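Inside the fold
In case you want the letters, here they are:
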Amino acid sequence: LDANLSEEEEVKAKYALLDTPVGTKFNPADLSLRDEEYDVIVLGSGPETLYAAALLARAGKKLVVLSPRDDVSGCVTLGDKSSSVLGKKIPFDIDGMNVAQLSRQQELLAPALCTTTDTQGGIRFSRIGSNLDGYAHSILSVPGLGTDNTSAECVPVVLNATGSLASLAEYCSTCLGDGFPGVDLDGKDNGNSNSLSYLRACNQINAGSADYYLSKLYNAKESNAYQEASVRTASAFLNKCLPLNTHVRSLMAAIGMMNENLCPDKTSMAAHVTNICAMTSEEGVAYPVGGPRAICHALTSVIEQCGGRVVAGVSLQELLFEKLDEKKETKKKTNGEENDPLKGPKPKCKGIRLQNGMDIKVSKDDGSVISMLGFIPTFLNLLPADTRAAHGVPPGLPAISERRPLMKIMVGLKGSKADLNLTGADWYRLPNASLPYDEMDQATGQIRFGAIGVDAGGDDLTTDGEATGETETTSVGGRRGKQNKTATPATAKKITRRCKFQTGESWMKVSFPSAKDPSWHDRYGPISTCVVTVEACDDFVRAFDTKPQIYSILKGAGNSTSGEMGRLMDRVMKDLLQTFPQLEDNIICTQMYGPVRSGLTHCPARFAIKGNRPETSYPGLFVGGADLTVGDSFSASIVGGWMAANAAMGYSMIDHVYLKKNLTSDLEQFMEEPSLVTERDGVVVEDVGVPFKEVNIDEELPTAESSKEE
């Protein structure tokens, strides 16, 4: 910015930058992309993609970021008709940029964001919630929790940063019948709280997560508790540690898998403990001031200052590979490896081909391509079919499964956060953690544990395409229907149950991104945003029982004028208004976006396969992002970007383990502490990227008499 700008002009200029999408719009007529040769090509969108690129750019790599999205930040702007109603093009944060355990993330982000005036590049984070609600960040609605049956209206559970483990254990004791978490005069635990013991055990297991993910960079053979837990299901631990209280078991299952409609008997314990530790942290959950665009504009600025480029709206076709020389092909045939694609030498990745036929290549010697798009899009969509058939995919890839794609409903609201009484906390309905019903074996007296949650879909068996009796129908996260228990003939065929969104039953997430951002009201006035996330019904996607298990997006699924889209919108909006009745008569516009692919499902196979690591079997091709760690998490996706950048730079096990040397530590050695300060009218001010007013709500202190009465 111009140093001569007044304070008011500077604020307007910074706000204006946030109104622009991140990245330069792709121009097919611009041949400079084709004519340049890059050290690194990074494919993807979102902060994790730009973070990995910024680290590599600061390490001296000449690179380009190619994003399929029109806005590299991942934000979506409503269409022209809706934007005209709102008065301007307002960005919707559809991915949810909630940041858990902020202090750790700021340590990772600093080498990529640091400038001469600020260690975080002017980026600030604001804790979700307020001091009145204990900085509440999540509201969980679990069928049956706190009631006698799943059909009754459940008691919502609010997760906040106050007291963390102890406060949650006290809630379980007071409301769910668990033991009390007592402490004696010496500070030692003398209570009988099963929930507190379970939460502490999860923290102990999660302590090994950093070593586990670091080991993916050098194929370590040693295992720790986190790695051993990753290949087991969460239900086994829940039943073992919490055998007496079904309500506590259900609540822990809900906290452990909020962002995917996945039951504990299919959820990896690694994802379960990581989510529990993040949601019960005393730091709470934070949100970047200015939203995703703020942090992504800052990272883009670093990339461009280092000579890199960020291009948006690029349609990718396939990866490019060099041909193996004749000596390597002959050696492969001599060793009998031509029929085993997993063995033998692999061709080097040399670039990417766009849909318009343009080839963008890396340097021949040490160039690399990093895909942050996920394993399924990379190896099933971008890897050429002939290359895949001849040389295979990463080990274990056929064993994993893709998560069901999501639909995002964007709602523009008339009124501010205060006007509509909106919360910054995300609201979840979690049928995947619904209350289990244990049974006692009358003969042995042993307890048979009931299943936590309801399955969102599966396979039924039919004879010659016709049902043998009453078939089972399941909503997307809804209740199970009747099922014939008679033996199925050998001629039965496998069909997929229909999945439909059911109002009041199906998995759903509601967030108000504008209520989390303290700069929002100054930028947009009395307008608020709401994003509702549901799973895509079978009207929009089709599941294939392949290896790996994937979903195909049906033709015309994203057409907003289709009847299925309209019917789904009606059901979702009815559900939204039942949950948040204050929104009625304040809705300005709505728009549906999707289906959106969401990476791998969090089953144990995701963590067990050997091929889930940043360095692939193809030289010069690397993968990164949340598929390497835990999905739907800003913190985990940043770690996935860090892993990809380190792998592309070639850091070895000796570097990581013995020398404690990695890309960020090396960058920190050569970066000076910010020394320049900004003065205005003789007063030193912070170099903040997005100006905002921090509001603290002071609770009125009660008098002695009122406290006594209470």
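Presented here is a report on the structure given in the accompanying data block. All figures in this text were calculated on a predicted structure; none of them were measured in a lab.

**A look at the overall build of the chain**
Regarding its fold elements, the chain presents 25 helices and 30 strands. Restricting the contact set of the chain to residue pairs at least 6 apart, pairs at least 24 apart contribute 74%. Counting only carbon and sulfur atoms, one obtains 49% of the accessible surface of the chain, whose full area is about 32,500 Å².

**Looking at the packing of aromatic side chains**
Across all of its chains, the model carries 8 aromatic pairs by this definition. Judged by centre distance (5.4 Å) and plane angle (50 degrees), the ring pair of Tyr-212 and Tyr-226 falls under tilted. Of this pair, Tyr-212 sits in helix 8 (residues 209-215) while Tyr-226 sits in helix 9 (residues 225-230), placing them 14 residues apart in sequence. For Tyr-226, a relative accessible area of 0% corresponds to the buried category. For the pair Trp-427 and Phe-580, a centre-to-centre distance of 6.3 Å together with 80 degrees between the ring planes defines the contact as edge-to-face. Here the residue Trp-427 occupies a position in strand 18 (residues 426-429), and Phe-580 occupies one in the loop between helix 20 (563-579) and strand 27 (587-596), the gap between them amounting to 153 residues. No difference in accessibility class separates Trp-427 from Phe-580, as the two residues are buried. Counting every residue linked through ring pairs, the aromatic cluster contains Tyr-212, Tyr-213 and Tyr-226. It is Arg-127 that lies over the ring of Tyr-135; its NZ or CZ is 3.8 Å from the centre.

**Quick notes on helix 10 (residues 234-241)**
Inspection of helix 10 places Ala-234, Ser-235, Leu-238 and Asn-239 among the buried residues, and these make up the whole buried set. Across the axial projection of helix 10, the buried residues extend over an arc of 125 degrees, all falling on one side. Considering only its buried residues, helix 10 is in contact with helix 7 (194-206), helix 11 (246-256) and helix 12 (269-279).

**As for the sheet that holds strand 10 (residues 157-159)**
As summarised here, the arrangement of the 7 strands in space is 10-9-18-23-24-17-27, forming an open sheet in which the pairing is mixed. At either margin of the open sheet sits one strand with a lone partner, and together these are strand 10 and strand 27. Strand-to-strand twist across the sheet, computed as the mean angle between neighbouring axes with direction ignored, equals 15 degrees. The pairing of strand 9 (residues 138-141) with strand 18 spans 4 bridges and is parallel. Directly across from Ser-138, in strand 18, lies its bridge partner Asp-426.

**Some points on the pattern of salt bridges**
Applying the stated criterion across every chain, the model contains 21 salt bridges. The salt bridge involving Asp-366 is made with Lys-61; its shortest N-O contact spans 4.0 Å. Pair noted here: Asp-366 is in the loop between strand 15 (359-362) and strand 16 (368-371) and Lys-61 is in the loop between helix 3 (47-58) and strand 4 (63-66), with a separation of 305 residues, a long-range link. Here Arg-69 and Asp-95 are joined by a salt bridge, their closest N and O atoms 3.3 Å apart. With Arg-69 in the loop between strand 4 and strand 5 (76-77) and Asp-95 in the loop between strand 6 (91-92) and strand 7 (99-100), this residue pair connects regions lying 26 residues apart in the sequence.

**Looking at the packing of helix 11 against helix 12**
Any two packed helices are characterised by how steeply their axes cross, that is the angle between the axes, and by the distance between the axes. At a minimum axis separation of 7 Å, helix 11 and helix 12 run at an interaxial angle of 90 degrees. The angle between helix 11 and helix 12 falls in the class roughly perpendicular. Here helix 11 contributes Met-252, Ala-253, Ile-255 and Gly-256 to the contact with helix 12, which in turn contributes Ala-271, His-272, Asn-275, Ile-276 and Met-279. For the contact of helix 11 with helix 12, the residue count by class is 6 nonpolar, 3 polar and no charged.

**Considerations on the state of the cysteines**
In the structure shown here, the tally under the stated rule is 0 disulfides. Here Cys-175 stays unpaired: no disulfide links it, and the sulfur of Cys-172, its closest cysteine neighbor, is 8.6 Å away. Classification of Cys-175 by relative accessible area gives partly exposed; the value is 46%. Cys-537 supplies the cysteine sulfur nearest to Cys-499, a cysteine that is in no disulfide, at a spacing of 8.1 Å. On the basis of relative accessibility, which here comes to 1%, the residue Cys-499 falls in the buried class.

**With respect to the sheet that holds strand 28 (residues 621-623)**
In a beta sheet, neighbouring strands are held together by backbone hydrogen bonds and run either parallel or antiparallel to one another. Ordered in space as 1-12-4-3-16-28, the 6 strands form an open sheet in which the pairing is parallel. Two strands in the sheet have a free side with no partner beyond their single neighbour: strand 1 (24-25) and strand 28. Of the strand pairs in this sheet, strand 3 (residues 40-43) and strand 16 are connected by 4 bridges, and their pairing is parallel. Counterpart to Val-42 in the pairing with strand 16 is Ile-370.

**Digging into the nonpolar core**
Within the largest apolar cluster, 138 residues are counted, with the highest numbers of intra-cluster contacts made by Ile-41, Leu-66 and Leu-140. Counting residues per element, this core draws most heavily on helix 22 (residues 634-649), which supplies 9 residues. Leu-140 has contacts with Val-155, Pro-156, Val-157, Leu-159, Leu-251, Ala-254, Ile-255, Met-258, Tyr-428 and Leu-430, leaving out every residue within four places of it along the chain. Leu-413, Ala-515, Val-572 and Met-592 belong to the second largest nonpolar core, which has 31 residues in total.

**Topic: the pairing of strand 9**
Residues Ser-138 and Leu-140 point to one face of strand 9 and Ile-139 and Ser-141 to the other, with burial holding for every one of them. Pairing of strand 9 with strand 10 involves 3 bridges; the strand directions are antiparallel. In the sheet register, Leu-140 faces strand 10, and the bridge partner there is Val-157.

About the criteria used
- Residues numbered from 1 in each chain as written.
- Predicted model: local features only at pLDDT ≥ 70, side-chain atom pairs only at ≥ 80, totals over all residues.
- Heavy atoms only, no water.
- Helix = DSSP H or I, 4+ residues; strand = E, 2+ residues; numbered from the N terminus.
- Contact = heavy atoms within 4.5 Å.
- Areas by Shrake-Rupley, 256 points an atom, 1.4 Å probe, with all protein chains shown as cover.
- Phe/Tyr/Trp six-rings, centres within 6.5 Å; stacked < 30°, edge-to-face > 60°.
- Buried < 20%, exposed > 50% of the residue type's maximum accessible area, 1.4 Å probe, protein only.
- Lys NZ or Arg CZ within 6 Å of the ring centre and 35° of its normal.
- Arc of directions from axis to C-beta.
- Pairing = 2+ DSSP bridges.
- Axes fitted to C-alpha atoms, helices over the stretch in contact; angles between N-to-C directions.
- Salt bridge = Lys/Arg side-chain N within 4 Å of Asp/Glu carboxyl O.
- Parallel < 35°, antiparallel > 145°, perpendicular 65-115°, else oblique.
- Nonpolar A, V, L, I, M, F, W, Y, C, P; charged D, E, K, R; others polar.
- Disulfide = S-S within 2.5 Å.
- Core = buried A, V, L, I, M, F, W, Y, C linked by side-chain atoms within 4.5 Å.

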